[in-house]
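Here are the chains, one letter per residue:
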Amino acid sequence: MNPSSPTRGQLERTLSQRIESLYRSQLEHKPSKVVCQIFDEKIAIILEDSITQPEQILVNNGQQELAEKVRSELDEALQPQLKALIEEIVGVSVIDLLSNAKLETGRSATIAILAESPQFRSP
C-alpha cells in the first residue's frame, strides 16, 4: 500500500465533511453531526439533525405523511451526487444506496454498498 494513501479514519472523516457540505449546499441545511464508517464493502452514513425546516414545519402541523414523502424525494434527488462523492473519495464504484430517516428523532441513515472494499493504509 502506498504510504501516501489515506487511512480508514482519514477516508471516513473526508466522507463526513464532504457529505455535510453537500447537505449544506443542496438543502441549505447543516446536520449537527455526520458519521461515516467503512465496513469492508459497505459504508454506513448517519446524519444527526438532518431534517430540514420545511419538513419540521410539516411534522409540527400534523402532515407526517407529506413530510416523509418530501424526505424520500430529497434522498432520491441527492443520491446521484452522494454516489459520485463516495466513489470519488473511496475510489470504488457504489452498487447501491439504501436510505431511511426518522422524522421523530431527526436522524437519517444511508448504507452504501460498494463493488469491493476500498484500499487504505494502516494507521
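Residues numbered from 1 in each chain as written. Predicted model: local features only at pLDDT ≥ 70, side-chain atom pairs only at ≥ 80, totals over all residues. Heavy atoms only, no water.

Asker: Can you walk me through the nonpolar core in this structure?
Answerer: Here is a general trend for soluble globular proteins: nonpolar side chains tend to be buried in one another's company. One finds L15, I19, I43, I45, I86 and V90 to be the most contacted residues of the largest nonpolar core, which totals 23 residues. At the level of secondary structure, the elements contributing two or more residues to this core comprise α1 (8-27), β1 (33-39), β2 (42-48), α3 (64-90), β3 (94-102) and β4 (107-114). Apart from residues lying up to four places away in sequence, I19 is in contact with V34, C36, I45, L47, L82 and L85. (Core = buried A, V, L, I, M, F, W, Y, C linked by side-chain atoms within 4.5 Å. Buried < 20%, exposed > 50% of the residue type's maximum accessible area, 1.4 Å probe, protein only. Helix = DSSP H or I, 4+ residues; strand = E, 2+ residues; numbered from the N terminus. Contact = heavy atoms within 4.5 Å.)

Asker: Looking at this structure, how should I read the side chain of H29?
Answerer: Along the polypeptide, H29 turns up in the loop between α1 and β1. Residue classification places H29 among the buried positions, given a relative accessible area of 16%. Setting aside anything within four residues of it in sequence, one finds H29 in contact with Y23, R24, D49, S50, I51 and T52.

Asker: When you look at the environment of Q10 in this model, what are you seeing that I'm missing?
Answerer: The residue Q10 is located in helix α1 in this model. Counting along the chain gives 45 residues from Q10 to E55, while the straight-line C-alpha distance between them is 32 Å. Residues contacting Q10, with those up to four places away along its chain left out, are S5 and R121. There is a polar contact of 2.7 Å between the side chain of Q10 and the backbone nitrogen of T7. (Polar contact = N/O pair within 3.5 Å; in protein donor to acceptor, adjacent residues only side chain to side chain.)

Asker: Can you help me understand the pattern of salt bridges in this one?
Answerer: Side chains that differ in sign of charge can pair as their charged atoms come close. In total, this model carries 9 salt bridges according to the counting rule given. With a closest N to O distance of 3.8 Å, E20 and K30 form a salt bridge. One end of the pair, E20, is in helix α1; the other, K30, is in the loop between α1 and β1, with 10 residues separating them in the sequence. Taking relative accessible area as the criterion, K30 reaches 48% and is therefore assigned partly exposed. The salt bridge involving R71 is made with E55; its shortest N-O contact spans 2.7 Å. Taken as a pair, R71 in helix α3 and E55 in helix α2 (residues 53-60) lie far apart in primary sequence, 16 residues in all. When sorted by exposure, R71 lands in the same class as E55, which is buried. (Salt bridge = Lys/Arg side-chain N within 4 Å of Asp/Glu carboxyl O.)

Asker: How do you make sense of unusual backbone geometry when you look at a structure like this?
Answerer: For residues besides glycine, phi is generally negative; the peptide bonds are generally trans as well. Of note, E28 is a non-glycine position whose phi angle comes to about 50 degrees, a positive value. Here the phi dihedral of D40 falls at roughly 50 degrees; this positive angle occurs in a residue that is not glycine. Looking at the element boundaries, D40 is found in the loop between β1 and β2.

Asker: Explanation requested: the side chain of E12 in the structure shown.
Answerer: With respect to the secondary-structure elements, E12 resides in helix α1. Ignoring sequence-local partners within four residues, the contact set of E12 consists of C36, Q37 and I38.

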